[in-house]
Amino acid sequence: MPRLSEVITALENLWPAERAESWDAVGTVVGDPDQEVTRVLFAVDPVREIVDEAVKLGADLLVTHHPLYLRGTTTVAASTFKGRVVHTLIKNDIALHVAHTNADTADPGVSDALAGALDLRVVRPLVPDATDPEGRRGLGRVCELDHPLTVRELAARAADRLPATAQGIRVAGDPEATVRTVAVSGGSGDSLFDHVRAAGVDAFLTADLRHHPASEAVAQSPLALLDAAHWATEWPWCELAASQLDEISDRHGWGLRVHVSKTVTDPWTAHAASAAHPSPTTTLPASASSAPSDSAGAPN
């Protein structure tokens with residue numbers, strides 16, 4: 001069995017920490033470098049449900065996409081929910097390793113996995129990494145469809161292929177417009193609109209789109225927007241990453257048992273569809289709604 005330090009070296013070769021954004025918090029959070037690793041669990045979020053799953057599974061290593069402490073902390077007291085995560089991991093000899101923005105821009109990375117889940121052909125990065133001479137690394141991906149779809153059909157494909165969430169897929173733009181090219185970016189993507197417009201694609205699929213950037217984007221061009229749940233756009237990376245570690249394990253003869261969590265950790269748990277109205281309605285005060293017209297009470 002490999003030691004944790006050997007497995008971490010392999011993961012760092014896939015997603016070097018120096019390729020993470022300066023504000024990010026990636027790498028090993030807890031874990032003894034000399035402990036043996038036999039079972040690994042991949043997940044998006046290092047939350048209590050996932051840690052409990054790792055304990056039940058008997059995992060020695062949990063690899064997540066999102067950091068546990070992105071902004072740092074002054075305490076890991078078990079009275080805090082993140083502190084409880086740390087205590088549970090250590091008590092059960094489970095290491096935690098994070099690959100976040102260094103996995104976003106990797107080749108292959110988070111957006112490659114998203115494109116693969118939707119059967120899109122990756123053409124190039126949306127925001128190329130200037131340090132990559134081959135032009136394959138970078139943030140987001142510009143993709144082509146195997147045959148044209150309407151925006152409505154592409155949204156249905158995304159809803160069918162991505163993990164189910166309360167949000168589903170929101171659409172901005174003409175649902176019947178034709179889509180041949182798509183930009184995708186796993187996770188929050190509304191900071192990328194300038195790059196998306198420059199790419200000249202028909203649609204942009206990402207997550208966490210805010211009102212003003214989305215409104216401005218559709219006002220400036222016929223670009224269609226498909227907004228999925230953040231967790232759902234990043235979960236396919238877990239399967240990709242697990243397959244990469246499986247291949248490394250086979251090559252080294254480690255015999256690791258690698259798993260992907262199917263626990264839904266998207267924070268939204270329900271969705272109520274709005275009633276269908278042709279336009280927003282205004283309820284008038286009772287005195288106004290019952291007032292007669294100018295002529296209704298006029299004497300003859």
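Residues numbered from 1 in each chain as written. Predicted model: local features only at pLDDT ≥ 70, side-chain atom pairs only at ≥ 80, totals over all residues. Heavy atoms only, no water.

Undergrad: Quick one: what's the story with the overall build of the protein, residue by residue and with numbers?
TA: Helix and strand counts for the protein come out as 10 helices and 11 strands. When its C-alpha atoms are laid out on the principal axes, the protein stretches across 100 × 50 × 30 Å. Counting all 300 residues of the protein, 45% fall into the buried class. Within the protein, contacts between residues separated by at least 24 positions form 65% of all contacts whose residues are at least 6 apart in sequence. (Helix = DSSP H or I, 4+ residues; strand = E, 2+ residues; numbered from the N terminus. Buried < 20%, exposed > 50% of the residue type's maximum accessible area, 1.4 Å probe, protein only. Contact = heavy atoms within 4.5 Å.)

Undergrad: Lay out the nonpolar core with the relevant residues and their values.
TA: Formed by 53 residues in total, the largest nonpolar core has its most connected members in Trp15, Phe42, Leu61 and Trp237. Per-element tally for this core: the top contributor is helix 9 (residues 230–252), with 10 residues. Core analysis: the second largest hydrophobic core is formed by 15 residues, Val30, Leu41, Ala43 and Ile94 among them. (Core = buried A, V, L, I, M, F, W, Y, C linked by side-chain atoms within 4.5 Å.)

Undergrad: Residue-level account of the sheet that holds strand 11 (residues 257–260), with values.
TA: An order of 1-4-3-2-11 is seen for the five strands of this open sheet, with the pairing classed as mixed. At either margin of the open sheet sits one strand with a lone partner, and together these are strand 1 (27–30) and strand 11. Each adjacent strand pair in this sheet contributes to an overall mean axis angle of 25 degrees, direction not counted. Judged from the four bridges that link them, strand 3 (residues 61–64) and strand 4 (residues 95–98) form a sheet pairing that is parallel. Within strand 4, the position partnered with Thr64 by the bridge is Val98. Across the face of the sheet, helix 2 (residues 48–57) comes into contact with strand 2 (39–43), strand 3 and strand 11 while running at roughly 160 degrees to strand 2. (Pairing = 2+ DSSP bridges. Axes fitted to C-alpha atoms, helices over the stretch in contact; angles between N-to-C directions.)

Undergrad: Explain helix 5 (residues 110–117) to me, and be specific about the residues and the numbers.
TA: Taking burial as the measure, the eight residues of helix 5 include six buried ones, the bulk of the element. For helix 5, every residue scored as buried is listed here: Val110, Ser111, Asp112, Ala113, Leu114 and Ala115. Along its buried surface, helix 5 packs onto helix 4 (101–104), strand 5 (121–128), strand 6 (138–150), strand 8 (178–188), strand 9 (203–207) and helix 9. Phi turns positive, to about 55 degrees, at Asp119, one or two residues after helix 5.

Undergrad: Describe in detail the sheet that holds strand 9, supporting the description with residues and values.
TA: Reading across the sheet, the six strands line up as 5-6-8-9-10-7 and stay open at both edges, with mixed pairing between neighbours. A single partner strand is all that each edge strand has here, and the edge strands are strand 5 and strand 7 (170–172). For this sheet, the mean angle separating the axes of adjacent strands, direction not counted, is 25 degrees. Two strands pair when backbone bridges link them, and strand 8 and strand 9 are joined in this way by four bridges, in the parallel orientation. From the neighbouring strand, Val184 faces strand 9, where its bridge partner is Leu205. Helix-sheet contacts for helix 6 (residues 151–161) involve strand 6, strand 7, strand 8, strand 9 and strand 10 (224–228), and the interaxial angle to strand 6 is about 120 degrees.

Undergrad: Could you give an account of the packing of helix 5 against helix 9, with specific residues and numbers?
TA: Here helix 5 crosses helix 9 at 100 degrees, and the two axes come no closer than 7 Å. As far as their axial angle goes, helix 9 and helix 5 are roughly perpendicular. Here Val110, Ala113, Leu114 and Ala117 of helix 5 come into contact with helix 9, specifically with Thr233, Glu234, Pro236, Trp237 and Leu240. The residue makeup of the contact of helix 5 with helix 9, split by class, is seven nonpolar, one polar and one charged. (Parallel < 35°, antiparallel > 145°, perpendicular 65-115°, else oblique. Nonpolar A, V, L, I, M, F, W, Y, C, P; charged D, E, K, R; others polar.)

Undergrad: Account for the layout of surface pockets, naming residues and giving values.
TA: Here the largest pocket defines a volume of roughly 1,200 Å³. Forming the boundary of the largest pocket are 47 residues, of which His66, His100, Ser188, His230 and Glu234 lie nearest the centre. Looking at the lining of the largest pocket, the elements with two or more residues in it are helix 3 (81–91), helix 4, strand 5, strand 6, strand 8, strand 10 and helix 9. Among the elements that make up the lining of the largest pocket, the one with the highest residue count is strand 8 (four residues). Per-class residue counts for the lining of the largest pocket are 20 nonpolar, 14 polar and 13 charged. (1 Å grid on protein atoms, 1.4 Å probe; cavity = no way out; pocket = protein on both sides within 12 Å on 5 of 7 lines; lining within 4 Å. Points joined across faces, edges and corners; volume = space filled by probe spheres on them.)

Undergrad: So what's going on with the side chain of Thr88? Which residues, and what values?
TA: In this fold, Thr88 is placed in helix 3. Those residues within four positions of Thr88 in sequence are excluded, and the remaining contacts are Arg48, Val51 and Val55.

Undergrad: Before we move on, could you go through the state of the cysteines and cite the residues and values that matter?
TA: By the definition in use, this model includes zero disulfides. The structure places no disulfide on Cys143, whose sulfur is separated from the nearest cysteine sulfur, that of Cys238, by 19 Å. Residue Cys143 is classed as buried on the basis of its relative accessible area, which comes to 0%. (Disulfide = S-S within 2.5 Å.)

Undergrad: An account of the environment of Leu4 is needed here, citing residue identities and associated values.
TA: Mapped onto the fold, Leu4 is located in helix 1 (residues 4–14). Not counting chain neighbours up to four residues away, the residues in contact with Leu4 comprise Gly31, Asp32, Pro33, Gln35, Val37, Leu61 and Ala95.

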